[in-house]
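Coordinate inspection notes
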Amino acid sequence: MSAFPCLPSSSSSSASSSRAEVVAALRAAGCVFAEEEAELLLAGARTPDELAALVGRRVAGLPLEQVLGWAEFHGLRIAVEPGVFVPRRRTEFLVDRAVAQAPDASVVVDLCCGSGAVGAALAVVLGPLELHAADIDPAAVRCARRNLTPVNGTVHTGDLFTALPGELRGRVDVLAANVPYVPTREVGLLPSEARDHESLVALDGGADGLDVLRRVATEAPAWLAPGGCLLAEASERQAPEALAVFVRAGLTARLEVSEDLCANVVVGTRG
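Residues numbered from 1 in each chain as written. Predicted model: local features only at pLDDT ≥ 70, side-chain atom pairs only at ≥ 80, totals over all residues. Heavy atoms only, no water.

Tracing the chain through its elements places E81 in the loop between strand 2 (76-79) and helix 5 (92-101). In contact with E81, other than residues within four places in its own chain, are Q66, A139, R142, C143 and R146. (Helix = DSSP H or I, 4+ residues; strand = E, 2+ residues; numbered from the N terminus. Contact = heavy atoms within 4.5 Å.)

Right, let's get into the environment of H74. Positionally, H74 belongs in the loop between strand 1 (70-73) and strand 2. Here H74 falls in the partly exposed class, since its relative accessible area comes to 24%. Placed 19 residues apart in sequence, H74 and F93 show a C-alpha to C-alpha distance of 9.1 Å. The contact partners of H74, leaving out residues within four places of it in the chain, are E92, V95, D96, A121 and V125. Of the polar contacts made by the side chain of H74, one reaches the side chain of D96; its length is 2.8 Å. (Buried < 20%, exposed > 50% of the residue type's maximum accessible area, 1.4 Å probe, protein only. Polar contact = N/O pair within 3.5 Å; in protein donor to acceptor, adjacent residues only side chain to side chain.)

Strand order across the open sheet formed by 7 strands is 5-4-3-6-7-9-8, with mixed pairing between neighbours. If you trace the sheet from one side to the other, it starts and ends with strand 5 (154-157) and strand 8 (252-258), each paired once. The sheet shows a mean angle of 20° between the axes of neighbouring strands, taken without regard to direction. Pairing analysis gives 4 bridges linking strand 3 (residues 107-111) to strand 6 (residues 172-177), with the strands arranged parallel. Note on strand 6: the bridge partner recorded for L111 is A177. Running over the sheet, helix 6 (residues 117-126) touches strand 3, strand 4 (130-135) and strand 6 and is turned about 160° from strand 3. Packing against the sheet, helix 7 (residues 138-148) makes contact with strand 4 and strand 5, and its axis sits at approximately 175° to strand 5. (Pairing = 2+ DSSP bridges. Axes fitted to C-alpha atoms, helices over the stretch in contact; angles between N-to-C directions.)

On to the packing of aromatic side chains, then. The full count for this structure, using the stated rule, is 1 aromatic pair. On the numbers, 5.4 Å between centres and 20° between planes, the contact of F161 with W223 is stacked. In this pair, F161 is assigned in the loop between strand 5 and strand 6 and W223 in helix 9 (residues 211-223), connecting sequence segments 62 residues apart. The exposure class assigned to W223 is buried, which follows from its relative accessible area of 3%. The ring of W70 has R77 lying over it, and the distance from NZ or CZ to the ring centre is 3.8 Å. (Phe/Tyr/Trp six-rings, centres within 6.5 Å; stacked < 30°, edge-to-face > 60°. Lys NZ or Arg CZ within 6 Å of the ring centre and 35° of its normal.)

The next thing to look at is the packing of helix 5 against helix 6. Between helix 5 and helix 6, the least distance of the axes is 10 Å, while the angle of their chain directions is 40°. With respect to their mutual orientation, helix 5 and helix 6 come out oblique. For the element pair helix 5 and helix 6, the recorded crossing hand is right-handed. On the side of helix 5, the interface is formed by L94, V95, A98 and V99, while helix 6 contributes V118, A121, L122, V125 and L126. (Parallel < 35°, antiparallel > 145°, perpendicular 65-115°, else oblique. Left-handed = near helix turned anticlockwise from the far one by under 90°.)

See below:
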């Protein structure tokens, strides 16, 4: 019998019937984009039983990307694993701003890298470069290595800059730091897909959400090359203080905003 009772078993009916039942199951579970998700799940399943397992995991609340094993990001398929932060589409704006700011970058660091999505996208767009990434979460490091090894990236385990080789000091052209910036008291308000299935260390940014950003900005000038840039996301509400954090660290700072993606990226340049 199928693991999910409303789906057809391995001896069942047509593909159209399967699709309709998958959509119905996803809708009943509250999936807003049930039709689109159904297409992805159908494409990812090799057998009806495997489809039933995938739908069962999604209906149970697992993020779609973790069910599929990949997330689409900046035109790439980024491997994701259970418990690892799923790259958000709005973070594509950070990648675009980094490319615009430093189109000739040769040394890039993806700090708080999670799955390594930002580093992978920058490597593809900017071409051959020296790429390093770091995260404190061993699961994220393992996942990032899957995504960054094909683009010759090196992934390190540790807390922010302590994870990086000292030889990078003063050489980094682009420091992309997609740090956690959700205020502690608001973590519980996140969608269950995030708060229940992603690492807390990838979400919780402290009392006002900017604790990790302050640490990164304070140390960043020592790691940036002359003219190198630090880029980080913040919420619209946090943006003024995030800018001030960059300025206090000695960086020339500005805010870049994408209304389409609801993205706010602070860009700080070492003079």
